[in-house]
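Structural features, examined
Residues per chain are reported as follows:
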Amino acid sequence: MRSSVHRVGFATLFTLLFCAAMLTSSGCGGKKPTAAETIERYSQKLREAISTSVPEQGRKYQMLLIVNQVEALHVRFNQETAEFVESYRRLNADYDATRATFDQLFSDYSAKRVKARSEALDLHFQLAALATADEWDAIGKAELKLYEEVEAARPAGEGTK
Amino acid sequence: MMVAARQRGQVLILLAAWLFFGGGASSALVVYDRPASEIKKVIKHVITNVDRRDAILSNISVWEAGQKQKDEKVTEYRGELFKTLRRKDSRRSDAEPLMTKLDATFLEMDQSFLNLRFRVKAQVTSAEWAALVARPDR
């Protein structure tokens, strides 16, 4: 959801569909990183920003531990989203499935998202509290970049789970 | 909405860690399951009765227009949330009103999505539905 779910999501999906149809990645400008790869890559960039910006070993260590938690949180929520979509597909295939069942499925997923977001915010504010104003410039930028890139990732070559 | 056809199988991956987990259930499905344009294509292929087909396609178009408006709101709130979190001195209480707005919008989007799903289903037979949601990969 970089700008709009429809405009960006649809366009990206079509691009990926085309790539899949071509059975090649080179024709589409190179293989797009998977979500897992994106999480790993931008978590590492955040670690680098911390390592570069924070001179004190103690604070640096604490901040790097937080990044580990941020990374794990992204991985977990990815999995939860994959499971949600798979559950939806199964339910959607059932002509007789009730609205209440769908409402419950959506509600459960929403609860997981809100929980994950709350945890992410906790980690964000812990990170910000540990950084000085000068350090925060690079660290805050790298942190938001992680969120931006992960949400924009449209990984190819993976299954849905 | 409908289940994906999985020529996209390798593509439909999941992940969707929206910005600060700021995407709703229907957003995940729209992005990772099947785009509206593809749904329309399948409907045109499966539903041969012109009146029913046009009615369903019209329902989808109305839904799309509504989702577009909500997407714009989401983009606006998300931008504000971004700016807020970028500031070192921001507090959780600064972000919470924006998240409340986002959650309310996601709920509207999810309900609209499910309303459409059931509206379409009510206009097709079980056999047609099976064809609409069929996944060639499975």
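What follows concerns the overall build of chain A. Helix and strand counts for chain A come out as 5 helices and 0 strands. Going from N to C terminus, chain A has its helices and strands arranged as α-α-α-α-α. The burial tally for chain A puts 36% of its 161 residues in the buried class. Looking at chain A alone, contacts between residues at least 24 apart form 70% of all its contacts between residues at least 6 apart.

Looking only at helices and strands, chain B features 5 helices and 0 strands. Seen in sequence order, chain B has helices and strands lined up from the N terminus as α-α-α-α-α. The buried share of chain B, taken over its 138 residues, is 43%. When contacts within chain B are restricted to residue pairs at least 6 apart in sequence, those whose partners lie at least 24 apart make up 70%.

What describes two packed helices is the angle between their axes and the distance between those same axes. Interhelical geometry of helix α4 (residues 99–130) of chain A versus helix α4 (residues 92–122) of chain B gives an angle of 160° and a closest axis separation of 11 Å. Judged on the interaxial angle alone, α4 of chain B and α4 of chain A are roughly antiparallel. The two elements α4 of chain A and α4 of chain B meet at a crossing, and its hand is right-handed. Residues R99, F102, F106, V114, R117, L121 and F125 of chain A of α4 of chain A form the contact with α4 of chain B, whose own contacting residues are R92, A95, M99, D103, D110, L114 and F118 of chain B. Among the residues making up the contact of α4 of chain A with α4 of chain B, the classes are represented as 9 nonpolar, no polar and 5 charged.

Burial of nonpolar side chains together is a common tendency in soluble globular proteins. Of all hydrophobic cores here, the largest spans 23 residues; its most connected members are L46, I50, I139, L146 and V150 of chain A. Mapped by element, the contributors of at least two residues to this core are α2 (35–53), α3 (57–92), α4 and α5 (133–152) of chain A. Setting aside its immediate chain neighbours within four residues, I50 of chain A contacts K60, M63, L64, V67 and I139 of chain A. In terms of nonpolar packing, the next biggest core, distinct from the first, is built from 20 residues, I43, L98, M109 and V120 of chain B among them.

Before going further, it helps to examine the environment of K115 of chain A. Considering the arrangement of structural elements, one finds K115 of chain A in helix α4. Between the C-alpha atoms of K115 of chain A and D96 of chain A, which are 19 residues apart in sequence, the distance is 31 Å.

Here we come to the environment of T34 of chain A. Residues and elements named next belong to chain A. Examined against the element boundaries, T34 turns out to sit in the loop between α1 (5–22) and α2. According to the C-beta neighbour criterion, T34 is partly exposed, with 18 such atoms within 10 Å. Between the C-alpha atoms of T34 and V150, which are 116 residues apart in sequence, the distance is 9.2 Å.

Now for the confidence of the model for chain B. Residues and elements named next belong to chain B. Model confidence for chain B is summarised by a mean pLDDT of 80, while 77% of its residues fall at 70 or above. Within chain B, helix α1 (residues 25–32) has the poorest average pLDDT of any element, 70, and α4 the best, 93. In the predicted structure, residues 1–19 sits below a pLDDT of 50 and forms 81 contacts with residues beyond four places in sequence or in another chain. Here the complex is predicted with pTM 0.77, and the ipTM for its interfaces comes to 0.81.

The next subject is the packing of α2 of chain A against α3 of chain A. Residues and elements named next belong to chain A. With their axes 10 Å apart at the nearest point, α2 and α3 run at an angle of 165° to one another. It follows that α2 is roughly antiparallel to α3 by the angle criterion. Viewed along their axes, α2 and α3 form a crossing whose handedness is right-handed. Contact residues: A35, I39, S43, L46, R47, I50 and S51 in α2; K60, M63, L64, V67, V70, E71, H74, V75 and N78 in α3. Tallied by class, residues from the contact of α2 with α3 come to 9 nonpolar, 4 polar and 3 charged.

Below, the discussion takes up the environment of V42 of chain B. Along the polypeptide, V42 of chain B turns up in helix α2 (residues 36–46). The spacing of V42 of chain B and A131 of chain B is 89 residues in sequence and 8.6 Å in space, taken between C-alpha atoms.

With 32 residues, α4 of chain A should reach 46 Å at 1.5 Å per residue; the first-to-last C-alpha distance of 47 Å fits that figure. Three or more residues of α4 of chain A are buried, namely F106, Y109, R113, A116, R117, A120, H124, L127 and A128 of chain A.

Procedures and definitions
- Residues numbered from 1 in each chain as written.
- Chains lettered and ligands numbered in written order.
- Predicted model: local features only at pLDDT ≥ 70, side-chain atom pairs only at ≥ 80, totals over all residues.
- Helix = DSSP H or I, 4+ residues; strand = E, 2+ residues; numbered from the N terminus.
- Buried ≥ 20, exposed ≤ 12 C-beta atoms within 10 Å, placed from the backbone.
- Contact = placed C-beta atoms within 7 Å.
- Axes fitted to C-alpha atoms, helices over the stretch in contact; angles between N-to-C directions.
- Parallel < 35°, antiparallel > 145°, perpendicular 65-115°, else oblique.
- Left-handed = near helix turned anticlockwise from the far one by under 90°.
- Nonpolar A, V, L, I, M, F, W, Y, C, P; charged D, E, K, R; others polar.
- Core = buried A, V, L, I, M, F, W, Y, C linked by C-beta atoms within 7 Å.
- pLDDT = per-residue confidence, 0-100.
- Expected span 1.5 Å × (residues − 1).

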